[in-house]
Amino acid sequence: MPPRAVSVALPVPLYGTYAYSVEERHAERVAPGSRVVVAVRGRKVIGIVTDADPPLDPGRKYRAILDAPDEEPSLTAPLLATCQWISSYYAAPPGIVLRAALPALLTGAGKPSPEPRSRRIAEIANPLATLVERDATFRRSPKQREVFELLESLGGRVPVEHLEHQLGVSSSVITALARRGLVNIGKETTMRDAFARRPRKPMAALEPTDAQRSAINALTSAAAGDVFLLHGVTGSGKTLVYIEVLRHVVDAGGRTAIVLVPEIALTPQTVDRFRAAFGNKVAVLHSALSDGERLDAWRAIRSGERRIVVGARSAIFAPLSNIGAIIVDEEHEASYKQGEAPRYHARDVAIVRARAEGGIVILGSATPSLESWANARRETYRLLTLPERVGGGAMPRVQIVDVRAAANGQRAAGAETSTHDPRPATLRRVLSEPLDRALRDTIARREQAILLLNRRGFAAFVQCEACGDVVDCPNCSISLTVHRTPERMTCHYCGHAEPIPVACARCGGPTVKERGLGTQQVERLLLDHLPSARVARMDVDTTSARWAHADILDRVARREVDILLGTQMIAKGLDFPNVTLVGVIDADVGLNLPDFRAAERSFQLMAQVAGRAGRGPKGGLVFIQTRLPGHHAVRAAVEHDYRSFVAKELLDREFPPYPPTVRLANIVFSGTREVETMEVANRGAEFLTKLISGGRVETVHVIGPAPCAIERIKARWRWHVLLRARRSSELTRVLSYFATHFEADGGAADLRVVIDRDPVSLL
Ligand code: ADP
Ligand code: ZN
């Protein structure tokens, strides 16, 4: 029966859905998941039908939907169900979730059915078969003849853009040919492949190792809804396992699949492997796609033309039908968590969606998140292990360099450091002697090195030697970072920039010192110290251009770079067999953060970057420079011992309890005025405390309110309340009630409340 009324989720931050009546003429095109155009306060907006048979109030007259632009629902039933789960689990307004699930061009009511991107094609309409005919036709127009014959030589059918731009044909000649009926100009829909620019390398067929084979067997005989944690050390060949599973699921099984990677730009090698294996079946969803390109890709996926989607976080919403497998590579990566509403974690959404679709999930990592590890131990997930590198490759040898001893030079006790280091002080601060020596040796052998420093800019902060004052951002409670090119200080949270001071603003003292290393400083130092080395720096500042990441990495692959220096960006799944040395310049950057995941993050980063070394037959060596050589994260990284790291870290998360021991939600209150922000945080905490004691949800605890670790960002004061829960369902209930009933009453302080469930960071 066609629907007479529907519930519609609107793209506004409201938690309800709204009923609209459906006129006869639209009824055929309206079903759950359909986009509809409705009027909201005199404005047309796109809403999504969530229910085609809602309970109605018989006395009320409902407004009719204005239009139903789609022949088929934009969201399939399993995808709609997944979005509804996100809305309730993360306490996010349903319309905001649905908007995140669709390409931007499909969410505007101005043009509900945007034209597919198309290009103009010039095609010969009249072949002018005889020479006589041809001579007669072109007697007074030799230019037209030239272009006509050019078209012929190119097969008779060429994009106009190509003629004009690559071949230098003037548009007036093409127009003239068209006017005379000799050439037709038609439109052709295109789907531009985001990765088309990259050469497609054929891939050697690899025979799986025994360990890979047994993982593949387990995965291809799995039941719908199964979740696997594939724990494989770096270089153990996880990608081949994914590819073989997709051959089974997609090629043999006729189903579809999603492959999530942390960030496409940083993992071109992994993407290349999927493209080599599956060619045109693959759609690559890249953050640099234009809105039009994104829509084209979305349509090709929705129509079944592309059956494997490779992309970052938001690719979890790809409009595939009949998904057989969802792969989450590097599942521990924080980038799977969205930083704005809806604040979903793509790994967890993957599990919900795969269950709705009747597919399996593979979470792959060399350093799984503690949450996934705990789930595997509880046998909620099935654990598969690839314990060794393929082809008998050894894990690289990791050495700690205690920079406290190195900095003290001859004053330190112990044989290793008792000799005086004669090198300049600036160099000593960056490269310890052993790392320096190894770097020279590596370059001399024509091998390559990776240096990690997880702090961009030149220096971490500027401090007055006389009074100790540090220059902070005026908008954020965080120090400004010194940059050299261009010369200035900038805030990494809000982008504020100002000149580097020549004197202290507080005491007027002239001796301001730059402290804390950044990647720019290390680059400068390497250029001075190793002038013959070819250094490439990869961080946010060098990769703003659309293809910058891939260009840098391709240069490394072609061995045009001796030293790749960068932030965490360089730690991801790179596979360069000629990299034999890895140096972690300052392991303490992350260890000292006031966040419960600081140790986990640091361990993952060290283990991942160490895993870039020694992937070829030449073996590898890793140096970790630190002032905390006894820290369990450092020790476990040295031993390549994930299991001992998690064992210790899981204990640390019991008292005080943090995930995975408990479930967490962070509620952040922010506003432009300090006192009002604190007050609203107090009210929020009280509201929650009352709610919890009144609602008898004993397993949820309220912690705080307290100022956030970063008290102020972008001129907004920040306070937070933590909710800690033993049971997930009770936390869902509390958050849902809070989201729909607590009023912040903004006023002049512009107060806002953000609910962040399963936060990846509490800063
Ligand atoms: P991981 O993602 O587990 O770190 P990769 O999937 O990048 O590892 O694989 C590491 C390297 O080993 C790659 O160069 C890959 O081509 C190679 N490799 C993987 N499996 C095999 C195999 N069965 N035989 C030979 N080489 C393999
Ligand atoms: Zn700032």
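Description of the structure in this document. Computed from a predicted model, the values in this text were never measured in an experiment.

1. Notes on the sheet that holds strand E15 (residues 397-402)
Then comes step 1: With respect to topology, 6 strands assemble into an open sheet ordered E15-E25-E24-E16-E23-E22, the strand pairing being parallel. Strand pairing shows two members of the sheet lacking a second neighbour, E15 and strand E22 (535-538), which therefore form its edges. This sheet shows a mean twist of 15 degrees between the axes of neighbouring strands, independent of strand direction.
Then comes step 2: Here 4 bridges tie E22 to strand E23 (residues 563-566), and the two strands are oriented parallel to one another. Bridged to Val 535 within E23 is Ile 563.

2. What to know about the side chain of Arg 653
Then comes step 1: Along the chain, the position of Arg 653 falls in the loop between helix H22 (642-652) and strand E26 (663-671).
Then comes step 2: With residues near it in sequence (within four places) discarded, Arg 653 still touches Leu 370, Phe 596, Arg 597, Glu 600, Tyr 658, Pro 659, Pro 660 and Thr 661.

3. As for the pattern of salt bridges
Then comes step 1: Under the counting rule described, the total for this entry stands at 34 salt bridges.
Then comes step 2: In this structure, the salt-bridge partner of Glu 244 is Arg 247, at a minimum N-O distance of 3.5 Å. One end of the pair is Glu 244 and the other is Arg 247, both in helix H9 (residues 238-252) and 3 residues apart, which spans about a single turn.
Then comes step 3: Glu 447 is the partner of Arg 445 in a salt bridge, and the nearest nitrogen-oxygen pair spans 3.2 Å.
Then comes step 4: Judged by its relative accessible area of 9%, Glu 447 falls in the buried class.
Then comes step 5: Linked through salt bridges whose partners overlap, the residues forming this network are Arg 134, Asp 135, Arg 145, Glu 149 and Glu 152.

4. Some words on the packing of helix H20 (residues 598-610) against H22
Each pair of packed helices can be summarised by the angle the axes make with each other and by the distance between the axes.
Then comes step 1: It is the contact of H20 with H22, at a shortest axis distance of 11 Å, that shows an interaxial angle of 175 degrees. Taken together, the axis directions place H20 and H22 in an arrangement best described as roughly antiparallel. Contacts between H20 and H22 involve Ala 599, Glu 600 and Phe 603 from the former and Tyr 642, Phe 645 and Glu 649 from the latter.
Then comes step 2: When its residues are assigned to classes, the contact of H20 with H22 shows 4 nonpolar, no polar and 2 charged.

5. Some details on helix H13 (residues 370-377)
Then comes step 1: Here H13 lies mainly inside the structure; 7 of its 8 residues are buried.
Then comes step 2: The set of residues buried in H13 consists of Leu 370, Glu 371, Ser 372, Trp 373, Ala 374, Asn 375 and Ala 376.
Then comes step 3: Backbone geometry just after H13 places Glu 379 at a positive phi near 65 degrees.

Rules behind the numbers
- The residue numbers shown here count from 1 along each chain, following its written sequence.
- Chain letters start at A and ligand numbers start at 1, both assigned in the order the entries are written.
- Totals for whole chains, interfaces and linings use all residues, but because this is a predicted model, local features are given only for residues with pLDDT of at least 70 and pairs of side-chain atoms are given and counted only at 80 or more.
- Excluding hydrogens and water, the side-chain values take into account all heavy atoms of the structure.
- When DSSP finds two or more bridges between two strands, those strands count as paired.
- Numbering of helices and strands runs from the N terminus, with a helix taken as a DSSP run of H or I at least four residues long and a strand as a DSSP run of E at least two residues long.
- Comment: axis = line fitted to C-alpha atoms, over the contacting stretch for helices; angle = value between 0 and 180 degrees taken between N-to-C directions.
- What makes two residues a contact is simply this: any of their non-hydrogen atoms within 4.5 Å.
- For salt bridges, the criterion is a side-chain nitrogen of Lys or Arg within 4 Å of an Asp or Glu carboxyl oxygen.
- Each residue is assigned to one of three classes by its accessible area relative to the maximum for its type, calculated with a 1.4 Å probe on protein chains only: buried under 20%, partly exposed between the two thresholds, exposed over 50%.
- For classification purposes, angles smaller than 35 degrees are called roughly parallel, those larger than 145 roughly antiparallel, those between 65 and 115 roughly perpendicular, and all remaining angles oblique.
- Gly is put with the polar residues, along with every residue not named as nonpolar or charged; the nonpolar set is Ala, Val, Leu, Ile, Met, Phe, Trp, Tyr, Cys and Pro, and the charged set is Asp, Glu, Lys and Arg.

Any functional reading would require information that these geometric values do not contain.
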